[in-house]
Amino acid sequence: MKIDIFTLFPEWFGWLSRERHVANVLARGSEIECVDFRRYTPLSGGQVDDTPFGGGAGMVLRVDVIDAALRGHYGVEPVELRSRRRVIALAPAGRLLDEALVNELAAEPALTLLCGRYEGFDERILENFASDVVSIGRYVLSGGEPAAMVICDAVLRKLPGALGDERSAGEESFSEALEGNPEYPHYTRPAEYRGWTVPEVLLSGHHERIEQWRRERSRERGGRRDR
Ligand SMILES: C[S@@+](CC[C@H](N)C(=O)[O-])C[C@H]1O[C@@H](n2cnc3c(N)ncnc32)[C@H](O)[C@@H]1O
């Protein structure tokens, strides 16, 4: 998996590459590359944005700047690029990131993430260069960088070798193994703390009953998704 992140703040992503499960997949050949929009801007003084037509507050990322960045980095016509790889523009009103979309993206060989800033992208960027517009939730961040990190984290941990124990990924919240339900509750030592005990069944050593208890709790949680 090769992930290219187009951003005005490439330095944000240094820690991500050192994070354990990300470092694990990078060591196995995956790559994260940050591309600074400013590097390719055709405008003077590193300009990348401009005032909105029609007036109003804030600045908008320019279509010619994103065009130049994609063209400069990939050496192809940016309008064609999205038929070769997923080009994902990050925006609060985009398709909500969920487990299904994460699985879809994890199956791709390469992703391009476009991080917006200020008032966001000129609409023509979304219309002509992006294959997808993705949101990590119905709230507004200051920039697309945290959203890109969320996508990288969620996608890369799906790849072989990311997690210390591959079983961790098999039975997680929203996985097929749990019929799309949230995961069951976990407990560890001490078995009693301040009078708070652990469900007896988990201490029983009876694997079938434990399995059944976990399935039931998971389904129960699926019935009340608000927690
Ligand atoms: C301040 S936001 C722009 C908000 C935009 N004016 C609006 O009201 O929808 C700047 C950038 O942050 C990113 N962003 C903010 N919230 C996001 C979210 N929930 N999911 C994904 N990206 C987000 C987008 O790339 C966006 O272009």
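Before reading on, note that the structure itself is shown above.
Remember, it's a predicted structure, so these values are computed and weren't measured experimentally.

Trainee: For this particular structure, what's the right way to read the overall build of the protein chain?
Mentor: Counting its secondary structure elements, the protein chain contains eleven helices and nine strands. Structurally, the protein chain occupies a C-alpha span of about 70 × 40 × 30 Å along its principal axes. Residues classed as buried in the protein chain amount to 43% of the 227 residues present. Sequence-distant contacts, at least 24 apart, represent 72% of the contacts inside the protein chain between residues at least 6 apart. In the form shown here, the protein chain has an accessible surface area of approximately 12700 Å², with 49% of it arising from carbon and sulfur atoms.

Trainee: How do you make sense of the site of the ligand when you look at a structure like this?
Mentor: Neighbouring residues of the ligand: 19 residues in total, closest L90, G116, E119, Y139 and L141. Measuring from a nitrogen atom of the ligand, one finds a backbone N or O atom of L141 at 2.9 Å. In the complex, 82% of the free accessible area of the ligand, which totals 580 Å², lies under the protein chains. With respect to the detected pockets, the ligand is housed in the largest pocket. The biggest single contributor to the shell around the ligand is strand β5 (residues 86–96), with three residues.

Trainee: I'm lost on the sheet that holds strand β6 (residues 110–114) in this one. Help?
Mentor: The parallel open sheet is built from five strands, whose spatial order is β2-β1-β6-β5-β7. Both edges of this open sheet fall to β2 (31–36) and β7 (132–135), since each of them pairs with a single strand only. When strand polarity is set aside, the average angle formed by the axes of neighbouring strands in this sheet is 30°. Where β5 and β7 come together, five bridges link them in parallel fashion. The residue of β7 that forms the bridge with L96 is S135. Where helix α4 (residues 63–74) meets the sheet, it contacts β1 (2–7), β2 and β6, and its direction lies at approximately 145° from that of β1.

Trainee: Help me out: how do you make sense of the side chain of D4 in this one?
Mentor: Structurally, D4 is set in strand β1. Its relative accessible area of 1% is what places D4 among the buried residues. A distance of 2.6 Å separates the side chain of D4 from the side chain of Y74, its partner in a polar contact.

Trainee: Would you mind showing me how to read the environment of N128 here?
Mentor: Tracing the chain through its elements places N128 in helix α7 (residues 123–128). In sequence terms N128 and R117 are eleven residues apart; their C-alpha atoms lie 19 Å from each other. Those residues within four positions of N128 in sequence are excluded, and the remaining contacts are V79 and R82.

Trainee: How should the layout of surface pockets be read in this particular structure?
Mentor: Of the pockets and cavities examined, the largest pocket occupies roughly 340 Å³. For the largest pocket, the lining is made up of 22 residues, of which L90, A91, P92, G120 and L141 are closest to its centre. Of all the secondary structure elements, the ones that give two or more residues to the lining of the largest pocket are β5, α7 and β7. In terms of residues, the lining of the largest pocket owes the most to one element, β5, which gives three residues. Broken down by class, the residue content of the lining of the largest pocket amounts to twelve nonpolar, seven polar and three charged.

Trainee: Please explain α4 as it appears in this structure.
Mentor: It helps to recall that an α-helix has 3.6 residues per turn; residues three or four apart then point in one direction. When the terminal C-alpha atoms of α4 are compared, their 16 Å separation across twelve residues agrees well with the 16 Å that a helix rising 1.5 Å per residue should span. Buried residues in α4 make contact with β1, α3 (37–40), α5 (78–81), β6 and α7. G75 sits one or two positions beyond α4 and adopts a positive phi of about 65°.

Trainee: Would you mind going over the pattern of salt bridges with me for this structure?
Mentor: Oppositely charged side chains are able to pair whenever their charged atoms sit close together. Within this structure, the stated rule accounts for 20 salt bridges. E211 is paired through a salt bridge with R215; the nearest N and O atoms lie 2.8 Å apart. Of this pair, E211 and R215 both sit in helix α11 (residues 207–223), four residues apart, which is roughly one turn of that helix. Take E211: its relative accessible area is 33%, and that puts it in the partly exposed class. The structure contains a network of salt bridges with shared partners spanning R86, R95, E104, E108 and D132.

Thresholds applied
- Residues numbered from 1 in each chain as written.
- Predicted model: local features only at pLDDT ≥ 70, side-chain atom pairs only at ≥ 80, totals over all residues.
- Heavy atoms only, no water.
- Helix = DSSP H or I, 4+ residues; strand = E, 2+ residues; numbered from the N terminus.
- Buried < 20%, exposed > 50% of the residue type's maximum accessible area, 1.4 Å probe, protein only.
- Contact = heavy atoms within 4.5 Å.
- Areas by Shrake-Rupley, 256 points an atom, 1.4 Å probe, with all protein chains shown as cover.
- Near = heavy atom within 4 Å.
- Polar contact = N/O pair within 3.5 Å; in protein donor to acceptor, adjacent residues only side chain to side chain.
- 1 Å grid on protein atoms, 1.4 Å probe; cavity = no way out; pocket = protein on both sides within 12 Å on 5 of 7 lines; lining within 4 Å.
- Sits in = over half its atoms within 2 Å of the grid points.
- Pairing = 2+ DSSP bridges.
- Axes fitted to C-alpha atoms, helices over the stretch in contact; angles between N-to-C directions.
- Points joined across faces, edges and corners; volume = space filled by probe spheres on them.
- Nonpolar A, V, L, I, M, F, W, Y, C, P; charged D, E, K, R; others polar.
- Expected span 1.5 Å × (residues − 1).
- Salt bridge = Lys/Arg side-chain N within 4 Å of Asp/Glu carboxyl O.

The analysis is restricted to geometry; functional conclusions fall outside its scope.
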